[in-house]
Amino acid sequence: MSLNMVGVLVGTVLCLSIASSSPATEYFATEWICPLDGNCLLTYRDWEPPQLHPAGCGSPTHVVCKMRTSRRCHHFAHAAQGLLPCWSMFQRFAHLIPVIGYTSGSRVVCTKAKWTRSFISMVNASVVSLDAQNDVVDADTRTDMSSRQCSLRVCRAQIKRPPVFSESHTELWVSTSSDLHRLSERILGNVPQESLSGNLVIQNEVFGLGRLRIGFLNRKGTRRMRFIKEIVRVVKANQTGHIIDVTTFEDKDFLYQARWMHAHDIVIAPHGAQNTNFAFLRNRTAVAEIYPKSYYVPGYYLSLARANGAYAMAVYPGRYPWNDTARTGLDGPLRKRSRSVNIDIGVQDALCVCLTLIEVVMRMRGAVKTSVDIHAGLSCRNVLGL
C-alpha cells in the first residue's frame, strides 16, 4: 500500500495511509506550533502581583506559591499544571525558600500521587495549607515556616483562556525554556545510574548526528498503541544505526520517567498523562503525540514540548481533527469513550513518522547529509524503496 508524505515543514501536513495489519484509517500529521503567536510561555501578567504576608512585613524569607486547586488535582498530570508554573516562580525568587501552599483541606488530596510528591521533594519545596487569610494552618515536617512569618505570596491570575478543545488553546506551563533546563539539572544532575529500575540502562551520553536514541512511550491501559511490537521490529530493521527502545511509565518511579525522557532524541507516544514528562526533554529533540479519533488536544502536552525547545508533531486518524473533537468535547459520555479508544496507527505509518522526526532532528542539529529530503517532499515509499 502506498504511503504519501507531502512535506514536513512548518504548517505542512503529512498524509499517511494505514498499514494492512490495521483498520483502513488515514493518519495525518502536522507540526504543532503554539497558536498564540508561537508563544508557549507564561508571562508575568499571568500572575497576580506578589504580596508580602503579613502585609507590610520586613524582608521575606520564603516564597509561597499558592496553588489554585481543582477536583482533578489528585492526578499528577493536573497537579503539574500548577507545580511547573510554581517552579518558574521559584526561579524568579531563587534567593527565597520555596514553599507550595494549598487551600485548607486540599493539600492531602492534591499531593497523593507519587509523581507529585517526588517532584515536590526533588525541587526542595515544602508544603503548607493556607486559610482564607493566607495564614499557615498546617505544614509538612520539613517546613520551618511559622504561620505569621514574613513571606512573599504569589498566585496564578485567573485569566480566561480558550477551552481545551479549541484550536487556540495553549496550556502555559513555565515562564522560560531555561526554567525547564534548570529543572532537569536539579532533578537529574546528581542521580546515580543504579537508581533506574528494570532492565533498561540509559547512559548520560548524547549520541552524535548519525546515531540517535528513539523511544516509543506506550501505555498499559486505554489509548495504547496496539501494534507496538511490530512497529518497533520494523523500525529497528530499517534504522539499524540508531538506538530504539519501548517502555511504559505506569509502574516506573519518578526518576526513571524523567531520565528516560531526557535521554531520548525522539519520543513517539499516545496522548496521555505520561507526556507530562516532556518537561525533561532536551533542547533540539522531537516528539510525536498520537491521538484517538475525536479527541485532539495538541495544545496540552505539545505546548510543554515546545516550551522545552523540542519539535512537536501531532498525529491524528483523519483530516478534520478539530471538527471531530468539537462534536464530542462537550458530551461527557461520548468524550470519555473517545479518549478511551486504543491507537491503531499502522507499522508503515509509524515508520514514516519516525523517519520524519529523524530528519527534523538532523536538520535542527546541523547535519549535512540526511536520508529524507523534506524540501523536495519525497514520499516514504520512495525513501524506503517500497
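As a starting point, this report considers the structure included with it. (Residues numbered from 1 in each chain as written. Predicted model: local features only at pLDDT ≥ 70, side-chain atom pairs only at ≥ 80, totals over all residues. Heavy atoms only, no water.)

**Points about the pattern of salt bridges**
Rules: By definition, a salt bridge exists where a carboxyl oxygen of Asp or Glu is found within 4 Å of a side-chain nitrogen of Lys or Arg. Counting from the N terminus, the helices are DSSP H or I runs at least four residues long and the strands are E runs at least two residues long. Accessible area is worked out with a 1.4 Å probe on protein chains only. A residue is then buried under 20% of its type maximum, exposed over 50%, and partly exposed in between.
What the rule picks out here adds up to 17 salt bridges. Note that E48 is salt-bridged to R68, the shortest N-O span being 2.6 Å. Taken as a pair, E48 in the loop between β2 (27–31) and β3 (51–53) and R68 in the loop between β4 (62–66) and α1 (76–92) lie far apart in primary sequence, 20 residues in all. Classification of R68 by relative accessible area gives partly exposed; the value is 39%.

**Description of the state of the cysteines**
One way to say it: the disulfide is the covalent bond shared by the sulfur atoms of two cysteines. Cut-off, in case you're wondering: By definition, disulfides here are pairs of cysteine sulfur atoms that lie within 2.5 Å.
Counted by the stated rule, this structure contains four disulfides. Shown here is the disulfide that connects C34 with C40, its sulfur atoms set 1.3 Å apart. With the S-S dihedral at roughly 65°, the linkage between C34 and C40 falls on the right-handed side. Residue classification places C40 among the buried positions, given a relative accessible area of 6%. Across the disulfide from C73 sits C110; the S-S distance is 1.9 Å.

**Here we look at the packing of helix α3 (residues 114–122) against helix α6 (residues 254–263)**
This is how the line gets drawn: Comment: axis = line fitted to C-alpha atoms, over the contacting stretch for helices; angle = value between 0 and 180 degrees taken between N-to-C directions. Here the angle decides the label: under 35 degrees means roughly parallel, over 145 means roughly antiparallel, 65 to 115 means roughly perpendicular, and every other value means oblique. It only takes one pair of heavy atoms within 4.5 Å for two residues to be counted as in contact. Just so you know the grouping, Ala, Val, Leu, Ile, Met, Phe, Trp, Tyr, Cys and Pro go in nonpolar, Asp, Glu, Lys and Arg go in charged, and all remaining residues, Gly too, go in polar.
Remark: α3 packs on α6, axes separated minimally by 9 Å, with the N-to-C direction vectors making an angle of 75°. Classed by the angle they form, the pair α3 and α6 counts as roughly perpendicular. Contacts between α3 and α6 involve W115, S118, F119 and M122 from the former and F254, L255 and Q257 from the latter. Of the residues belonging to the contact of α3 with α6, the class tally is five nonpolar, two polar and no charged.

**Details of empty space enclosed by the protein**
Condition: The rule is simple: put a 1 Å grid over the protein atoms alone, call a set of points where a 1.4 Å probe fits but cannot get out a cavity, call an open set with protein on both sides within 12 Å along at least five of seven lines a pocket, and count a residue as lining if it has an atom within 4 Å of a point. Grid points are joined across faces, edges and corners, and a volume is the space filled by probe spheres set on the points.
This model, assessed by the stated rule, comprises one cavity of 30 Å³ or more. Of the pockets and cavities examined, the largest cavity occupies roughly 30 Å³. W32, V164, S166, E167, H169, V297, P298, G299 and W322 together form the lining of the largest cavity. Among the residues forming the lining of the largest cavity, the class breakdown is five nonpolar, three polar and one charged.

**A few points about α1**
Heads up, the rule is: One less than the residue count of a helix, multiplied by 1.5 Å, gives the span that helix is expected to have. The term bend refers to the angle at a residue between two fitted axes, each drawn through seven residues, those ending there and those starting there.
With 17 residues, α1 should reach 24 Å at 1.5 Å per residue; the first-to-last C-alpha distance of 24 Å fits that figure. Along its length, α1 reaches its greatest deviation from straightness, about 25°, at G82, and the proline P85 lies no more than four positions downstream. Of all 17 residues in α1, 14 are buried, a share of seventy percent or more.

**Quick look at the sheet that holds β4**
How we decide: Here, a strand pair is defined by DSSP locating no fewer than two bridges between the strands.
As summarised here, the arrangement of the six strands in space is β3-β8-β4-β5-β6-β7, forming an open sheet in which the pairing is mixed. Of all strands in the sheet, those bounded by a partner on one side alone are β3 and β7 (136–139). Each neighbouring strand pair of the sheet contributes to a mean axis angle of 35°, computed without reference to strand direction. Summarising the sheet, β3 and strand β8 (residues 151–155) pair through three bridges and their orientation is antiparallel. From the neighbouring strand, Q51 faces β8, where its bridge partner is R153. Contacts between α1 and the sheet are confined to β4, β5 (97–103) and β8, with β5 contributing the most and set at about 145° to the helix.

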